[in-house]
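So you can see what is in the structure, the chains are spelled out below.
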Amino acid sequence: MTIMDRVGTMTRDELRQLFLFDALDDEQLDWLVEHGWVAEVGTGETVFEEGEPAEAFVVLLSGTVALSRKVGTADVETMRTDQLGVYMGAVQAYLRGRVEQKYIQSCRVVSDARFFALRGEDFDYAVRTWFPMAIHLLEGLFLGLSRSQQIVNQRQQLLALGALAAGLTHELNNPAAAAVRATAALRQRVEGMRHKLSMLAHHELDPKLLELLVDVQEEAVRAAAFAPELGAVEESEREDEMADWLDDHGISGAWELAPIFAAGGTTTEFLEKITTGASQEVLDGGLRWLAYTVETELLLAEITDSVTRISTLVDAAREYSHLDRAPYERVDIHDGLKSTLVMLSSKLDVIEVVKDFDTSLPQVPLYVGEMNQVWTNLIDNATQAMDGHGTLTLRTSLEGECVRVEVCDTGPGIPDDIRPRVFEPFFTTKPVGQGTGLGLDISYRIVVGRHGGDISVESEPGDTCFIVRLPLTERPST
Ligand SMILES: Nc1ncnc2c1ncn2[C@@H]1O[C@H](COP(=O)(O)OP(=O)(O)OP(=O)(O)O)[C@@H](O)[C@H]1O
Ligand SMILES: [Mg+2]
């Protein structure tokens, strides 16, 4: 038997026993007797299903029901009750025209249940004609709420955009400044080389020596390109060795040249090659010329690094804001996580970041830009909680029909009494001006509202995990 099947009717007095109807007059109750009906639904049967057209407004008379909402493909029970008079179903019928008339949750019978039922249109008609003022108030409240929700959304988007712009500017500034500095230095070195070359030319060099110098220069360039990163101790040892060699060969300004050769991976054996057959003066000039070459090479490498870093950042920013992609599509979940890490790297360099990624995960249908906002909020909170020391762990895995992403930190954790409140809008424990309390609220709405997913938190001191579950199945567009 379904909720739409009429098995009987209620009397005026029976209806008056229900708290929802106790203030109605006889005429109104009679109207309900006439338009409503009693329905019986057996254990395990469904009373109504989330997403289907809301046909009936129902009041529980006996038995037990469970209400649930879909999270991804799983049903999450939100309430279980046997309370006489609880109502559900087409409860928003009187907001027809403003709210889509669909069941917003599912109702299943846990033990044989009886209901008083009313068609949605009838419930709408009754409320509108009997309580016109209440309708105005409700509509006002509803509109006000959605309006303020919209403002909150826009504000959060602006904040996110502001944070993105600030982060990006900060991040771009370092490599850009480094590239400018390196270019200026490079100009000086090239000038120096020109100068040295003309000096060398004045010495009427033996062409063989000149050839050797050019060969050695080529080798020095190659060595500089593959120069291994040295530890501080190793580097100063290498410098000392180089300085001794230069001193032994009567080269002035050894302290200036030694660090350059050391950084460029040039060895003393290597320098030996040009000592043969060269006069002291030529040796001196030749070595300086070589030093300029090595420096030029190092500077060029630095510029390449900086510029690469800039273009990586721009790529990450594009990926992050998702400018060049369709809004909802299947993507690798890790792309967004990685680009968010790049965007936030200035905040992350003092803490350890662990990426525990399951690279075999299938692609997930996402609003990428919006999900990046979620990752940003979660990582932001984690870094703020750790306050400069600790480990941030990003973990991905497959969980049934969902992809599970964990953002964990080793901060102090969220005390039990505030944990239930963290997803509330404007709830923050941060000083005025530092937190708006919107980060988790907006994340919740993006994950649950936009993606049909789920976000939750588990926390104890030293181990706080925000867990996001995203369904692998595409959401029907609403
Ligand atoms: N990883 C975490 N560790 C400890 N507390 C947390 C963590 N994440 C969130 N919280 C708590 O939840 C509160 C709400 O977080 P939410 O991101 O919504 O706002 P906020 O960070 O305070 O401000 P906003 O993100 O808008 O700048 C925080 O103020 C903090 O008390
Ligand atoms: Mg936050």
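Definitions and cut-offs
- Residues numbered from 1 in each chain as written.
- Chains lettered and ligands numbered in written order.
- Predicted model: local features only at pLDDT ≥ 70, side-chain atom pairs only at ≥ 80, totals over all residues.
- Heavy atoms only, no water.
- Near = heavy atom within 4 Å.
- Polar contact = N/O pair within 3.5 Å; in protein donor to acceptor, adjacent residues only side chain to side chain.
- Areas by Shrake-Rupley, 256 points an atom, 1.4 Å probe, with all protein chains shown as cover.
- Helix = DSSP H or I, 4+ residues; strand = E, 2+ residues; numbered from the N terminus.
- Nonpolar A, V, L, I, M, F, W, Y, C, P; charged D, E, K, R; others polar.
- Buried < 20%, exposed > 50% of the residue type's maximum accessible area, 1.4 Å probe, protein only.
- Arc of directions from axis to C-beta.

## Some points on the site of ligand 1
Lining the immediate environment of ligand 1, one finds 20 residues, of which Asn381, Thr428, Thr429, Lys430 and Thr436 sit closest. With respect to ligand 1, the side chain of Asp409 contributes an N or O atom lying 2.8 Å from a nitrogen atom. Expressed as a share of its isolated accessible area of 600 Å², the protein-covered part of ligand 1 is 91%. Of all elements in the fold, only helix 12 (368–386), helix 13 (439–450) and strand 13 (463–471) reach the threshold of two or more residues within the shell around ligand 1. With three residues, helix 12 is the largest single contributor of residues to the shell around ligand 1. Broken down by class, the residue content of the shell around ligand 1 amounts to eight nonpolar, ten polar and two charged.

## Digging into helix 2 (residues 26–35)
Looking only at helix 2, the buried set comprises Gln28, Leu29, Trp31 and Leu32. The buried side chains of helix 2 occupy one side of the element, clustering within an arc of 155° when seen end-on. Pointing more than 90 degrees away from the buried face of helix 2 are the exposed residues Glu27 and Glu34.

## With respect to unusual backbone geometry
Glycine aside, residues mostly have negative phi angles, and peptide bonds mostly take the trans form. Phi is positive for Asp387, close to 50°, though the residue is something other than glycine. Within the secondary structure, Asp387 sits in the loop between helix 12 and strand 10 (391–399). For Asp387, a relative accessible area of 60% gives the class exposed.

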